[in-house]
Amino acid sequence: MDIFDKYETLAARRAELLGAGADPFDLEIEELFGPCEATIRGRRTILLGTNNYLGLTFDPACIEAGCAALRRFGTGTTGSRIANGTYGGHKALEAEIAAFMGRRAAIVFTTGYQANLATIAGLAGPKDTIFVDSDWHASIFDGCRLSGATVVRFRHNDPDDLDRRLERNPTPGGIRLVIVEGLYSMLGDVARLAEIAAVKKRHGAFLLLDEAHSMGVFGERGRGVAEALGVEAEIDFIVGTFSKSLGAIGGFAVSDHPRFELLRVAARPYMFTASPGPATIATVRAALAQIVARPELRARIWANAERIHAGLAALNFALAAPPGPILSIRLPDERTTVFAWNRLLELGVYVNLALPPGTPGGVCLLRCSVSAAHTDAQIDTVLERFATLAAELQRLAAPIAAE
Ligand code: PMP
């Protein structure tokens, strides 16, 4: 038996996808022309699937800050936060994130993925129970596994189901931690946070919220969905990432809990990995300053989302959620979705191909994400190209609206 035999099904599925066109798992961005355009497979392509929500990856202030930090502090810290990897920049960023989020303390992690691993596995242990929304991101799933806690999944965005499960699992001798996301990354739907927070409060549980896709976009100050829905006081822990609105890489967790910083000596994915490099930290600090100074970026992403959503709806594409930073189109089956994804790429539009088992409820999606940096001209072009795709799908007699 070969060591890779266990991946036979995976390999067959990948080969099938490759037979239909480009490799969605190994697509090279060959050159970039700002945050929203690139060369892919030799073709000038508009990017509509990047999570670059505020378009800050090419912001001149962020680039300058990164270059200056690189010269002053070098290319990497070569160590973890608990050894040689804590620089002034990490501490300053933590203070700035805490102030931005309106919390007592913040901890910075090397990636958003590790922020979830560290926070979840640091907060919950084998005697505890985690109640998690069934549309969980892989980093939440892995954090739950690492914690050793009992894991109870509740129906997606269903506070009544959460209520029932909390009722049935009192967890004597342990704590109960509820985990949800502010904006769900696949379908782009928003958590029913007010109801979920009320349920957790009634049961005396803790609530952790992942604002990876919502920070910088939702709320008056851009703190996320909890701010937008006016329920920040009920959220015990918030996790976020630097890889989306902030245009870099890394993650964070914030809390008002007086003993929150104990995670620094308890959470293994914080302790046993190298800290984010100085240039990354500097770009994130500059990006955070941009979010504070330029609320028009938020206005712009919402205006762009409305326009793209309306344009796609007019073409009869089945959109999974109301206008927002994530606009996912449901298609009826895998073949149609793979065809549509490849066709869009040929037409010069990049979106995300999202297929089961990576999608909730086994749906097939073209996942589009909007940027504040998309220009009106880019949006017009994108919609023209989607119109071409819609006409072709109709000619192929493939219904574009999923049931
Ligand atoms: N949480 C959610 C909900 C995510 O979608 C992601 C990444 N897509 C992460 C956490 C992990 O963030 P990162 O990619 O910055 O590691």
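The rules we used
Residues numbered from 1 in each chain as written. Predicted model: local features only at pLDDT ≥ 70, side-chain atom pairs only at ≥ 80, totals over all residues. Heavy atoms only, no water. Pairing = 2+ DSSP bridges. Helix = DSSP H or I, 4+ residues; strand = E, 2+ residues; numbered from the N terminus. Axes fitted to C-alpha atoms, helices over the stretch in contact; angles between N-to-C directions. Contact = heavy atoms within 4.5 Å. Patch = residues over 30% accessible without salt bridge, like charges linked within 9 Å, V, L, I, M, F, W, Y side chains within 5 Å. Areas by Shrake-Rupley, 256 points an atom, 1.4 Å probe, with all protein chains shown as cover. Salt bridge = Lys/Arg side-chain N within 4 Å of Asp/Glu carboxyl O. Buried < 20%, exposed > 50% of the residue type's maximum accessible area, 1.4 Å probe, protein only. Core = buried A, V, L, I, M, F, W, Y, C linked by side-chain atoms within 4.5 Å. Domains from an automatic or database assignment.

Q: Honestly, the sheet that holds strand β10 (residues 251-255) in this entry has me stumped. Any pointers?
A: Strands pair in a sheet through their backbones, by hydrogen bonds, and they do so in one of two ways: parallel or antiparallel. On the basis of which strands lie adjacent, the open sheet formed by seven strands has the order β4-β10-β9-β8-β7-β5-β6 and mixed pairing. Looking at which strands have only one partner, the edges of the open sheet turn out to be β4 (105-109) and β6 (150-154). Looking at each pair of strands side by side, their axes are set apart by 20° on average, direction ignored. As paired strands, strand β5 (residues 129-133) and strand β7 (residues 176-181) are joined by four bridges and run parallel to one another. Paired with T129 across the bridge in β7 is R176. Helix α4 (residues 112-123) contacts β4, β5, β7, β8 (206-210), β9 (237-241) and β10 of the sheet and is inclined by roughly 160° relative to β9.

Q: Would you mind showing me how to read a nonpolar patch on the surface here?
A: On the surface, I3, F4, Y7 and L10 cluster together into a nonpolar patch covering about 480 Å² of accessible area. Structurally, F4 can be placed in the segment before α1 (8-19). Of the residues examined, F4 reaches a relative accessible area of 57% and is grouped as exposed.

Q: Honestly, the nonpolar core in this entry has me stumped. Any pointers?
A: Where a protein is soluble and globular, its nonpolar side chains tend to be buried together. With 86 residues, the main nonpolar core has I97, V178, V180, L193, I329, V351 and F386 as its most contacted residues. Split by domain, the residues of this core number at least three in each of domain 1 (5-53 + 295-402) and domain 2 (58-293). Beyond its immediate sequence surroundings of up to four residues, I97 is in contact with A106, F242, F252, V254 and L288. Membership of the second largest hydrophobic core comes to 24 residues, among which are A118, A124, C144 and M271.

Q: I tried to follow the pattern of salt bridges on my own but got confused; where do I start?
A: Where charged atoms from two side chains of opposite charge approach closely, those side chains can pair. Using the criterion set out here, one finds 24 salt bridges in the structure. For D59, the salt bridge goes to R294, with nearest N and O atoms at 3.2 Å. Here the residue D59 occupies a position in the loop between β3 (43-47) and α2 (60-73), and R294 occupies one in the loop between α10 (278-293) and α11 (296-314), the gap between them amounting to 235 residues. Judged by its relative accessible area of 8%, D59 is buried. Where R285 meets E96, a salt bridge forms, and the shortest distance between an N and an O atom there is 2.8 Å. Of the two residues, R285 sits in helix α10 while E96 sits in helix α3 (residues 88-101), which places them 189 residues apart along the sequence. Under the relative-accessibility criterion, R285 is labelled partly exposed at 31%. Within this structure, R81, E94, E261 and R264 form a network of salt bridges that share partners.

Q: For this particular structure, what's the right way to read unusual backbone geometry?
A: Generally, phi is negative for residues other than glycine and the peptide bonds are trans, each holding for most cases. A cis amide bond, omega 5°, links P356 with the succeeding residue P357. Its location among the elements puts P357 in the loop between β14 (352-354) and β15 (364-369). One non-glycine residue, N51, adopts positive backbone phi at about 65°. Here N51 lies in the loop between β3 and α2. Within the chain, T78 stands out as a residue other than glycine whose phi angle is a positive 55°. Take T78: its relative accessible area is 73%, and that puts it in the exposed class.

Note that all results are geometric; they support no functional claim without further evidence.
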